[in-house]
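Here's the letter readout for the chains.
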Amino acid sequence: MSTTAFLITPPFTQLNTPYPATAYLKGFLNTKNISTYQADLGIEVILALYSQAGLADLFTQVKLKQPELSENARRMLALQTHYIHTIDGVVSFLQGKNPTLAHLICQDGYLPRAERFKQLADLSWAFGSMGTQDKAKHLATLYLEDLADLITECVDEHFGLSRYAERLGRSAYSFDELYTHLQQDYTYIDQLLIELLSAKMLALQPKMVAISVPFPGNLYTAFRCGQWIKQQHPTCKVVMGGGFANTELRSLSDERVLSF
């Protein structure tokens, strides 16, 4: 059975404070007996990427650029087995599903360490007053940021844990640069995003897809979603709203936007 409306938050917003707009809209539409499905594709992309399978594929991609790697990236590549072995536990801990892992995370040697952990020397004074949970969250965040640095250096320069291609969104007074990037091949993150979107569109068969764009860091991926839907599901209506659309896109003169 098809869904009337599919509500999307595209990558990326803050992972520890998921953006609530599409969830609230779903709640309201439920009161009107309108069938809806809501998804934060930013969270889903991150969970696909920060997993054993995701990291195994990532390190495979990194190896293809081995001669060009920085010292930091080479260190992480050497520690790839350690990263793959620990990633699911760290993500589970940060989701609040495995709080007892905090003690292990705080032990030297449990997490592989790269460039971001050099900050620890500057912050060691604070850990004495921190609880184990807070310290473990901080260490786990540095671990994820190390991996984010690897992704940015080696496979997708636009990646960020709380935004994607934000510079393109911030220059949206003109559609030219964004449009040019949207004509290029999919990036590494684009591929993950479209795989997830494709599976959901196939299952839901929605009449309309509503994409919330709260920040400039969501704009590029919103257009990537709209572009793919227009190509693969041409009868499906695509609409955009959210904070960015309501503030920085109050007027629109470039008709090319409507093809997305």
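Read on for a plain summary of the structure. (Residues numbered from 1 in each chain as written. Predicted model: local features only at pLDDT ≥ 70, side-chain atom pairs only at ≥ 80, totals over all residues. Heavy atoms only, no water.)

1. Points about the sheet that holds strand S5 (residues 208-212)
- Spatial ordering of the open sheet is given by S2-S1-S5-S6, a layout of 4 strands whose pairing is parallel. For this open sheet the edge positions go to strand S2 (36-40) and strand S6 (237-241), each flanked by a neighbour on one side alone. Pairs of neighbouring strands in the sheet enclose a mean axial angle of 20°, with direction left out of account.
- Strands strand S1 (5-9) and S2 of the sheet are contacted by helix H2 (residues 41-49), whose axis makes an angle of about 50° with S2. (Pairing = 2+ DSSP bridges. Helix = DSSP H or I, 4+ residues; strand = E, 2+ residues; numbered from the N terminus. Axes fitted to C-alpha atoms, helices over the stretch in contact; angles between N-to-C directions. Contact = heavy atoms within 4.5 Å.)

2. What to know about the side chain of Lys200
- Looking at the secondary structure, you find Lys200 in helix H11 (residues 188-204).
- Judged by its relative accessible area of 13%, Lys200 falls in the buried class. (Buried < 20%, exposed > 50% of the residue type's maximum accessible area, 1.4 Å probe, protein only.)

3. Concerning the nonpolar core
- Counting residues in each nonpolar core, the largest one holds 70 residues, and the members touching the most others are Tyr50, Tyr143, Leu147, Phe159, Ile189 and Leu197.
- Top element by residues in this core is helix H8 (residues 132-154). It accounts for 11 residues.
- Filtering out sequence-adjacent residues up to four positions away, Leu197 remains in contact with Phe6, Ile8, Leu41, Cys225, Trp228 and Ile229. (Core = buried A, V, L, I, M, F, W, Y, C linked by side-chain atoms within 4.5 Å.)

4. What to know about the environment of Ile105
- Secondary-structure assignment places Ile105 in helix H6 (residues 102-105).
- Classification of Ile105 by relative accessible area gives buried; the value is 1%.
- With 31 residues separating them along the chain, Ile105 and Ala136 place their C-alpha atoms 5.7 Å apart.
- The residues touching Ile105, leaving out its near neighbours within four places in the chain, are Phe93, Tyr110, Leu111, Ala136, Leu139 and Ala140.

5. Describing the pairing of S5
- Most of S5 sits inside the fold, with 4 of its 5 residues counted as buried.
- Bridge count between S1 and S5: 4 bridges; the pairing is parallel. In the sheet register, Leu7 faces S5, and the bridge partner there is Ala210.
- Judged from the 5 bridges that link them, S5 and S6 form a sheet pairing that is parallel. Each residue of the ladder has a partner; that of Ser212, found in S6, is Gly241.

6. Quick word on helix H12 (residues 219-232)
- Here H12 spans 20 Å end to end across 14 residues, near enough to the 20 Å set by a 1.5 Å rise per residue.
- In terms of residue burial, H12 counts as a mostly covered element, since 11 of its 14 residues are buried.
- All of the buried residues along H12 are Leu219, Tyr220, Thr221, Ala222, Phe223, Arg224, Cys225, Gly226, Gln227, Trp228 and Ile229. (Expected span 1.5 Å × (residues − 1).)

7. Overview of the packing of H11 against H12
- Closest axis-to-axis distance for the H11/H12 pair is 11 Å, and the angle between their directions is 50°. The angle between H11 and H12 falls in the class oblique. In this structure, H11 crosses over H12, and the sense of that crossing is right-handed. Taken together, the residues of H12 that come into contact with H11 (itself represented by Asp190, Leu193, Ile194, Leu197, Ser198 and Met201) are Tyr220, Thr221, Arg224, Cys225, Trp228 and Ile229.
- Per-class residue counts for the contact of H11 with H12 are 8 nonpolar, 2 polar and 2 charged. (Parallel < 35°, antiparallel > 145°, perpendicular 65-115°, else oblique. Left-handed = near helix turned anticlockwise from the far one by under 90°. Nonpolar A, V, L, I, M, F, W, Y, C, P; charged D, E, K, R; others polar.)

8. Points about the packing of aromatic side chains
- Counted under the stated rule, the structure contains 10 aromatic pairs.
- Ring centres of Phe175 and Phe260 lie 5.8 Å apart, and the angle between their planes is 80°; on these two criteria the pair is classed as edge-to-face. Of this pair, Phe175 sits in the loop between helix H9 (166-170) and helix H10 (176-182) while Phe260 sits in the segment after helix H13 (243-247); the two residues are 85 residues apart in sequence, bridging distant segments of the chain.
- What makes Phe260 buried here is its relative accessible area of 9%.
- Plain terms: the ring middles of Phe223 and Phe260 are 5.5 Å apart, the flat faces sit at 80° to each other, and that makes the pair edge-to-face. One end of the pair, Phe223, is in helix H12; the other, Phe260, is in the segment after H13, and 37 residues separate them in sequence. Take Phe223 and Phe260: they sit in the same class, and that class is buried. (Phe/Tyr/Trp six-rings, centres within 6.5 Å; stacked < 30°, edge-to-face > 60°.)

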